[in-house]
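# Fold and geometry: a report
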Amino acid sequence: MAFELPSLPYSKTALAANGMCEETLDLHHGRHHQAYVTALNGFVEKDSNLQGKSLEDIVKLSYNKPDMASVFNNAGQHWNHILFWQCMSPTGGGIPGALEKKINEDLGGVAQFKDAFKNAGATQFGSGWCWLVLGSDGKLKVTKTPNGSNPLATGEGKALLGCDVWEHSYYLDFRNRRPDYLQNWVDKIANYEFAAAQLQKA
Ligand code: MN3
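Note that the structure is predicted; figures quoted are calculated from it, not measured.

## Focus: the pattern of salt bridges
Summed over the entire model, instances satisfying the criterion amount to six salt bridges. Here K12 ties to D26 by a salt bridge, and the two come within 2.9 Å at their closest N and O atoms. With K12 in the segment before α1 (22-46) and D26 in helix α1, the pair connects residues that are 14 residues apart, well separated along the chain. Residue classification places K12 among the partly exposed residues on the basis of a relative accessible area of 31%. As a salt-bridge pair, D180 and R177 come within 2.7 Å of each other at their nearest N and O atoms. The exposure class assigned to D180 is partly exposed, which follows from its relative accessible area of 34%. Among the residues examined, R177 registers a relative accessible area of 38% and is labelled partly exposed.

So this is what it looks like as structure tokens:
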């Protein structure tokens, strides 16, 4: 069973008013994410050890294995983008009470969380991701990973929210201004309802 590109949970124009234009979503979903899925399926086709494995299993078994770097990059990026589409919403930006309380307890407040998240994304040198993670100690933390890596692979915890800081994610809307993309993302695009639901399920 080949891996498939999931549909976006909103239309390609749905985030335009919030700072992510149709062309960004069209290219990012239809070209970039599709390319990771196609490449991953190509690797699975050629390697019987990968056949029948879940995406999560492939991410974990290929992590930090030099001879599986290409498999990991594409599997990680498929996993990351499946999450990323759900982490955005046309009605984003509002933080549900239960999540806000947890952010206040573990991260010192919403402003501190947003600063830490923006800083993680802005200081990820080159391509990568920044995350809001529920650690194994039960506390929220903000982390970053390079390229296609993620908290599932590193074992840092359960990802509640992930933001793509590869240039293809923001260049059409914000040019080279990654900090502005991140500010806009945490204020207007981030789907904290989804993050709260992930926290609830954990
Ligand atoms: Mn991307």
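Don't stop here, the text continues.
## Thoughts on the coordination of the manganese ion
For the manganese ion, the full set of protein donor atoms is H28 (NE2), H81 (NE2), D164 (OD) and H168 (NE2), at a range of 1.9 to 2.1 Å. Here the donor residues of the manganese ion are spaced in sequence according to H-x52-H-x82-D-x3-H. Taken together, the residues span a long stretch of sequence, with H81 in helix α3 (residues 69-86) and H168 in the loop between β3 (158-164) and α7 (171-174) at a distance of 87 residues.

## Examining the sheet that holds strand β1 (residues 128-134)
If you trace the three strands from one edge of the open sheet to the other, you get β2-β1-β3, paired in antiparallel fashion. Strand pairing shows two members of the sheet lacking a second neighbour, β2 (140-146) and β3, which therefore form its edges. Between one strand axis and the next, the sheet turns through 25° on average, direction left out of account. Where β1 meets β3, six bridges bridge the pair, whose relative direction is antiparallel. Note on β3: the bridge partner recorded for L134 is K158. Against the sheet, helix α9 (residues 192-201) touches β1, β2 and β3, its axis set at about 155° to β3.

## A look at the packing of aromatic side chains
In this structure the tally under the stated criterion is 13 aromatic pairs. Ring geometry for W129 against W131: centres 5.6 Å apart, planes inclined by 20°, an arrangement best described as stacked. Each member of the pair, W129 together with W131, is buried.

## Points about helix α5 (residues 110-123)
Compared with the 20 Å implied by 1.5 Å per residue over 14 residues, the 20 Å span of α5 between its first and last C-alpha is a close match. On its buried face, α5 sits against α4 (97-107), β1, β2, β3, α8 (178-189) and α9.

## What to know about the domain arrangement of the protein chain
If you check the domain split of the protein chain, you get domain 1 (21-86) and domain 2 (97-201). One C-alpha centre belongs to domain 1, the other to domain 2; they are set 20 Å apart. Across the contact, 21 residues belong to domain 1 and 23 residues belong to domain 2. For the pair domain 1 and domain 2, the summed buried surface comes to about 1,800 Å²; carbon and sulfur atoms form 66% of the total. Across the contact surface, domain 1 and domain 2 share zero salt bridges. If you look at where domain 1 meets domain 2, you find 11 residue pairs in polar contact (both at pLDDT 80 or more).

Criteria and thresholds
Residues numbered from 1 in each chain as written. Predicted model: local features only at pLDDT ≥ 70, side-chain atom pairs only at ≥ 80, totals over all residues. Heavy atoms only, no water. Salt bridge = Lys/Arg side-chain N within 4 Å of Asp/Glu carboxyl O. Helix = DSSP H or I, 4+ residues; strand = E, 2+ residues; numbered from the N terminus. Buried < 20%, exposed > 50% of the residue type's maximum accessible area, 1.4 Å probe, protein only. Donors = N, O, S within 2.8 Å, 3.2 Å for Na, K, Ca; no water. Pairing = 2+ DSSP bridges. Axes fitted to C-alpha atoms, helices over the stretch in contact; angles between N-to-C directions. Contact = heavy atoms within 4.5 Å. Phe/Tyr/Trp six-rings, centres within 6.5 Å; stacked < 30°, edge-to-face > 60°. Expected span 1.5 Å × (residues − 1). Domains from an automatic or database assignment. Buried area = accessible area lost by both parts, 1.4 Å probe. Polar contact = N/O pair within 3.5 Å; in protein donor to acceptor, adjacent residues only side chain to side chain.

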